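Listed below are the residues making up each chain.
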Amino acid sequence: DSGVTQTPKHLITATGQRVTLRCSPRSGDLSVYWYQQSLDQGLQFLIQYYNGEERAKGNILERFSAQQFPDLHSELNLSSLELGDSALYFCASSRDSSPLHFGNGTRLTVT
Amino acid sequence: SQQGEEDPQALSIQEGENATMNCSYKTSINNLQWYRQNSGRGLVHLILIRSNEREKHSGRLRVTLDTSKKSSSLLITASRAADTASYFCATVPSRQGGKLIFGQGTELSVKP
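Cut-offs and rules
- Each chain carries its own residue numbering, running from 1 in the direction its sequence is written.
- Chain letters and ligand numbers both follow the written order, the letters beginning at A and the numbers at 1.
- Per-residue local features of the predicted model are confined to residues with pLDDT of at least 70, and side-chain atom pairs are confined, for both listing and counting, to 80 or more; whole-chain, interface and lining totals are unaffected and use all residues.
- Hydrogens and water molecules were not included; the side-chain quantities draw on all heavy atoms of the structure.
- Any pair of cysteine sulfurs within 2.5 Å is marked as a disulfide.
- Under the DSSP-based scheme used, a helix requires at least four consecutive residues in state H or I and a strand at least two consecutive residues in state E, with every element numbered from the N terminus.
- Residue exposure (1.4 Å probe, protein chains only): buried if accessible area is under 20% of the type maximum, exposed if over 50%, otherwise partly exposed.
- Any two residues whose heavy atoms approach within 4.5 Å are treated as being in contact.
- By buried area we mean the combined loss of accessible area, with a 1.4 Å probe, across both parts when two parts are placed together.
- Only one rule defines a salt bridge in this text: a Lys or Arg side-chain nitrogen within 4 Å of an Asp or Glu carboxyl oxygen.
- Each residue is assigned to one class: nonpolar for Ala, Val, Leu, Ile, Met, Phe, Trp, Tyr, Cys and Pro, charged for Asp, Glu, Lys and Arg, and polar for all the others, Gly among them.
- Pairs of strands are assigned from DSSP output, requiring at least two bridges between the strands.
- Between N-to-C directions, angles cover 0 to 180 degrees, with each direction set by a line fitted to C-alpha atoms, over the stretch in contact for helices.

Whenever I open this one, the state of the cysteines confuses me. Can you help?
Simply put, the disulfide is a covalent bond whose two ends are the sulfur atoms of two cysteines. In this structure the tally under the stated criterion is two disulfides over all chains. A:Cys23 shares a disulfide with A:Cys91; S-S distance 1.8 Å. Judged by the sign of its S-S torsion, about -55 degrees, the bond between A:Cys23 and A:Cys91 is left-handed. In this pair, A:Cys23 sits in strand S3 (residues 19-24) while A:Cys91 sits in strand S9 (residues 87-94), placing the two residues 68 residues apart along the sequence. Of the two residues examined, A:Cys23 and A:Cys91, each falls in the buried class. Covalent S-S linkage joins B:Cys23 and B:Cys89, the inter-sulfur distance amounting to 2.0 Å. Disulfide B:Cys23-B:Cys89: torsion about the S-S bond near 65 degrees, hence right-handed. In this pair, B:Cys23 is assigned in strand S3 (residues 19-25) and B:Cys89 in strand S9 (residues 85-93), connecting sequence segments 66 residues apart. Residue B:Cys23 shares its accessibility class with B:Cys89, and that shared class is buried.

As structure tokens, then:
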């Protein structure tokens, strides 16, 4: 058990809809990272937050947004969903520059 | 964009054999990490090697780093069926903060 909790585990929704993925980091970790994993794109870095502030941005679409709250949990919001957004979305947390601890992901299916 | 590229994409071996996976990357790095992913699960950190280190060991794992060739290798000795998983290298590019960029991974199958 990595200590990183992601909810929900599975999500099925229709095109055009909006969903929110939730992540609780490991106790004491200030950094939260979001990754998208799909068969064709592999594991893509989306965004990183550190203690509530955005620290690094990757290949995150404008339709996607994220935030980290004062209690350090994070949410990834995906809107105007398309079929191609179907993927596994992982949250990871870390302390400073230490290795990442991953949650078990949210499997999003857009129909 | 992917920073690291693993080779081979897939590897099938018998239990007891050694498995070697290679990773190449494009830019200068602070460190390189290897992760393992069981099917559909989250990634698990295996080992980290810093840019000023050349070799590191952890149990049955041996990692080498050649910064002049921008490459790394992961050796798993005396493999077991339980080692079956995907293995990813990940790099922290210099001057890009903590952003960890993953390669496409090597799918390892260890047959009993």
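Resuming the write-up.
Explanation requested: the interface of chain A and chain B in the structure shown.
It is common to report an interface's size as the accessible area lost on association of the parts. Taken together, the contact between chain A and chain B spans 20 residues of the former and 18 residues of the latter. Broken down residue by residue, the surface that chain A buries against chain B is led by A:Leu43, A:Pro99 and A:Phe102, which jointly contribute 31%. Along the contact surface separating chain A from chain B lie zero salt bridges. Broken down by secondary-structure element, the contributors of at least two residues to the side of chain A that touches chain B are strand S4 (31-38), strand S5 (42-50), strand S6 (53-57) and S9 of chain A. The element best represented in the side of chain A that touches chain B is S5(A), accounting for five residues. Here the side of chain A that touches chain B is built from residues that sort into ten nonpolar, eight polar and two charged.

Looking at this structure, I do not really get the sheet that holds S3(A). What am I missing?
Residue and element names in this part refer to chain A. Across the sheet, four strands lie side by side as S1-S3-S8-S7; this open sheet has antiparallel pairing. With partners counted over all chains shown, the strands left at the sheet margins are strand S1 (5-7) and strand S7 (64-68), one partner each. Across the sheet, the mean angle from the axis of one strand to that of its neighbour is 15 degrees, orientation sign disregarded. Sheet topology note: the S1/S3 ladder contains three bridges and is antiparallel. If you follow Gln6 over to S3, its bridge partner there is Cys23.

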